Amino acid sequence: MIEHDVLIIGGGLTGSRAALAIAQNYPDQSVGLISKVHPIRSHSVAAQGGIAASLRNVGDDDWLTHAFDTVKGSDYLADQNAVQVLTQSAPEVIIDLEHLGVLFSRSEDGRIAQRAFGGHTNSRACYAADKTGHAILHELVMNVRRLGCKIYHEWYVLDLIYEDGANGKEVKGVVAYSLETSEIEVFCAKSVLCATGGYGRVFNTTSNDLASTGDGLCLTANIGLPLQDMEFVQFHPTGLYPAGVLISEAVRGEGAYLLNDLGDRFMANYPISKNRMELSPRDITSRNIAHEIMAGRGINGGNYVYLDVRHLGREKILSRIPFAREEGLRLAGVDCIDQPLPVRPTAHYSMGGIPTNIDCQVIGSDSQAIARFFAAGECACLSVHGANRLGANSLLECVVFGKRAGEKIGAYVSDRPMPKINPDHYLAAAKAKLKALLSKQGNSRIADIRQQLQDTMTEHCGIFRDDQRLKDGLAKLQTIRDRYDHDLLIDDRSDLFNMELMQAIELGNLFTVGEIIMTSALSRQESRGAHSREDYPQRDDLNCLKHTLGYLESGKVRTSDRPVDMSLQSIDRDRFTPQERKY
Ligand SMILES: Cc1cc2nc3c(=O)[nH]c(=O)nc-3n(C[C@H](O)[C@H](O)[C@H](O)COP(=O)(O)OP(=O)(O)OC[C@H]3O[C@@H](n4cnc5c(N)ncnc54)[C@H](O)[C@@H]3O)c2cc1C
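Residues numbered from 1 in each chain as written. Predicted model: local features only at pLDDT ≥ 70, side-chain atom pairs only at ≥ 80, totals over all residues. Heavy atoms only, no water.

K.L.:
Tell me about the overall build of the chain, and name the residues and values.
P.N.:
If you tally the helices and strands in the chain, you get 16 helices and 22 strands. Rg of the C-alpha trace for the chain: 23 Å, near the compact-globule value of 25 Å for 583 residues, within the 12% margin. By the burial criterion, 62% of the 583 residues in the chain qualify as buried. Total accessible area on the chain is roughly 21,200 Å²; 48% of this is exposed by carbon and sulfur atoms. Here the chain holds 63 positive side-chain charges and 74 negative ones, and the gap between their average locations is 1 Å. (Helix = DSSP H or I, 4+ residues; strand = E, 2+ residues; numbered from the N terminus. Rg over C-alpha atoms; globule rule 2.2 N^0.38 Å. Buried < 20%, exposed > 50% of the residue type's maximum accessible area, 1.4 Å probe, protein only. Areas by Shrake-Rupley, 256 points an atom, 1.4 Å probe, with all protein chains shown as cover. Lys, Arg positive; Asp, Glu negative; His and termini not counted. Charge placed at Lys NZ, Arg CZ, Asp CG, Glu CD.)

K.L.:
Tell me about the pairing of strand β11 (residues 233-240), and name the residues and values.
P.N.:
Judged by how many residues are buried, β11 sits mostly within the fold: eight of eight residues are covered. Pairing analysis gives six bridges linking β11 to strand β14 (residues 341-350), with the strands arranged antiparallel. Across the sheet, V233 pairs through a bridge with S350, a residue of β14. (Pairing = 2+ DSSP bridges.)

K.L.:
Help me get a handle on the packing of aromatic side chains, residues and values and all.
P.N.:
Think of a pair of aromatic rings as described by two things: how far the centres are apart, and how the planes are tilted against each other in angle. In the structure shown here, the tally under the stated rule is 10 aromatic pairs. Ring geometry for F374 versus Y412: centroids 5.3 Å apart, planes at 80°, classification edge-to-face. Of this pair, F374 sits in strand β17 (residues 369-375) while Y412 is found in helix α10 (residues 393-414), placing the two residues 38 residues apart along the sequence. Assessed through its relative accessible area of 13%, Y412 is described here as buried. Measuring from ring centre to ring centre gives 5.5 Å for Y484 and F511, while their planes differ by 45°; the resulting arrangement is tilted. (Phe/Tyr/Trp six-rings, centres within 6.5 Å; stacked < 30°, edge-to-face > 60°.)

K.L.:
Give me a nonpolar patch on the surface: which residues, what numbers.
P.N.:
On the surface, a nonpolar cluster with roughly 280 Å² of combined accessible area is contributed by L496, F497 and M499. Within the fold, L496 resides in the loop between α13 (467-487) and α14 (499-523). (Patch = residues over 30% accessible without salt bridge, like charges linked within 9 Å, V, L, I, M, F, W, Y side chains within 5 Å. Salt bridge = Lys/Arg side-chain N within 4 Å of Asp/Glu carboxyl O.)

K.L.:
Before we move on, can you summarise the sheet that holds strand β3 (residues 51-52) with the specific residues and values?
P.N.:
Spatially, the three strands line up as an open sheet ordered β3-β5-β4, and their pairing is antiparallel. Each edge of the open sheet carries a strand with a single partner, namely β3 and β4 (114-115). Where β3 and strand β5 (residues 125-126) come together, two bridges link them in antiparallel fashion. Directly across from I51, in β5, lies its bridge partner C126.

K.L.:
Can you lay out the site of the ligand for me, pointing to particular residues and giving the numbers?
P.N.:
Taken together, 38 residues surround the ligand, and among them S42, H43, S44, E378 and S394 come closest. For the ligand, a nitrogen atom lies 3.0 Å from a polar atom in the backbone of K36. S44 places a side-chain nitrogen or oxygen 2.5 Å from an oxygen atom of the ligand. Notes on the ligand: free accessible area 1,000 Å², of which the protein chains cover 97%. Listed by contribution, the elements that provide at least two residues to the shell around the ligand are α1 (13-25), β2 (31-35), β7 (155-165), β14 and α10. (Near = heavy atom within 4 Å. Polar contact = N/O pair within 3.5 Å; in protein donor to acceptor, adjacent residues only side chain to side chain.)

K.L.:
Now, about the sheet that holds strand β10 (residues 227-228): what can you tell me, with residues and values included?
P.N.:
Taken in spatial order, the three strands make up an open sheet running β10-β21-β22, and their pairing is antiparallel. Looking at which strands have only one partner, the edges of the open sheet turn out to be β10 and β22 (556-563). As paired elements, β10 and strand β21 (residues 546-553) share two bridges and run antiparallel to each other. Across the sheet, residue Q228 finds its bridge partner in β21, namely L549. Sitting on the sheet, α14 touches β10, β21 and β22, and the angle it makes with β22 is about 55°. (Contact = heavy atoms within 4.5 Å. Axes fitted to C-alpha atoms, helices over the stretch in contact; angles between N-to-C directions.)

K.L.:
Could you give me a rundown of the pattern of salt bridges, with the residues and numbers involved?
P.N.:
Per the stated rule, a full pass over the model turns up 51 salt bridges. E254 is the partner of R320 in a salt bridge, and the nearest nitrogen-oxygen pair spans 2.8 Å. Note that R320 is positioned in helix α8 (residues 314-320) and E254 in the loop between α6 (250-253) and β12 (257-259), a separation of 66 residues in sequence. You can call R320 partly exposed: its relative accessible area is 31%. Salt-bridge contacts for E292 lead to R297; the nearest nitrogen and oxygen are separated by 2.8 Å. For E292, a relative accessible area of 1% corresponds to the buried category. One salt-bridge network, held together by shared partners, links D75, D229, E231, D283, R287, R524, E526, R528, R539, D541 and R581.

Laid out in structure tokens, this is it:
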């Protein structure tokens, strides 16, 4: 058994920022960071456009306006106490990153440059060209290594250890196996932080990397804890057609146009977006694109529209959005200097996740903290994004709450003893689980079942939803899951980097996450933010201004709810009381 004071699952921006905070503030504590990919290959490295903060380097700005934009963008579902922490801390975490060595792009006068982003009133996204995640993650991971955290890369966490402790049930560690050798280990810790990122791979078209399979969400659901607001899936408006990879919002931030087959800038034709046009929030922009396509105004009547940057000119394209140009060339054979890029919405971000309080402690359905268990970043639901996240607010969440989680956990474990675990039982269970998977000799391949699952999620729980489509989708998921349970075929029996085995486990997680998303979507009978119900087209503040909780009970998904924090109303009632969203 391996012991650490703190165990962090995930080496993306959140996990590494948390590890760094502990190493800086509590140098005597031992930190183990487990990641199924090398930390610098975490999805955070792919983040492009920017990280938001009211630095005021371009025009006037302040944290309360940033908070207002975030709450309005969230369709009033965000917890306002968490939004306050996010936006108030933003300038200071950017300066921290700068001092760590992150190379932000500069304006003419030498200050950190800031660009416009959808739904933000002011230009407040700080960036490193269109490779912002890359610039930040490399510095963080380098510093985490320098300060001596132990990194277990290419180790896969299979289960959380959740059992009785001194004061009721607590999370005491994890069971993980090495992808390199298949060796299984029990890790025991005074506290565990889950920072496992999103679940984009539940859908067939996504901007997310292969590793975004919602593992941490499934680990949490498997121990009977709820997941919050899972119906809110962000579809980013501009996935490159047909691959689905992201063309950053930075491209619209720099002034790109969205055009339909008639050559119209169609955002002007929708009352909700006629002022902010291409810089409206993502839920609205994605729905407008989907409407254009459904009305036959996609390019040549097809499934995509154009994103046009030609008017920006070669020099600006090459200096501000070089990566977007490279992607167009590499994946669609289109040079955006001379031709518009084909785009359509792509599954991008998970607003929902593991519910936590503002100190990143995971909370149960009674809103009480679960002992020794923390979560932060995309896998968590604080909730700062509510029903729709604004661009550039996720990297910010990872850094603000990664740092905060590290500080809080460091203090939390300093006077706590190491919990007691009997590892044998967990080792035996994990061995049996892997062996059972390896012996699967049915007729259905992983790729085939996964495709069916992803197609079902996209068809039945995509941008537009309704009662019948969701119910049919859930029934289909059950049939496909039966094939997974009883007819799976695994060829590879090797111990070394058995990727088929890992993919089989990930596929099981995708089912659990998919079922919770669909059931939560069925239970929310209104349209809010990214959740758009054709049978309930209006937002219903009277009955639905609350967070959905979805959890497993005897293998079935059940739902309940909890209230939204509205505390910013006491600072500015005019702005923070729910009202109609217009841009
Ligand atoms: C293409 C793209 C561009 C984006 N651009 C922006 C942007 O410009 N601005 C912005 O604010 N946001 C952006 N986002 C969103 C943002 O990048 C992510 O929300 C954020 O980086 C998530 O960070 P994270 O640390 O929570 O998780 P991730 O970076 O996804 O890291 C997850 C970690 O968990 C580990 N892990 C997962 N499961 C297991 C397991 N079972 N066992 C062991 N380890 C595990 C992985 O190895 C990985 O290290 C973008 C997202 C995408 C996909």
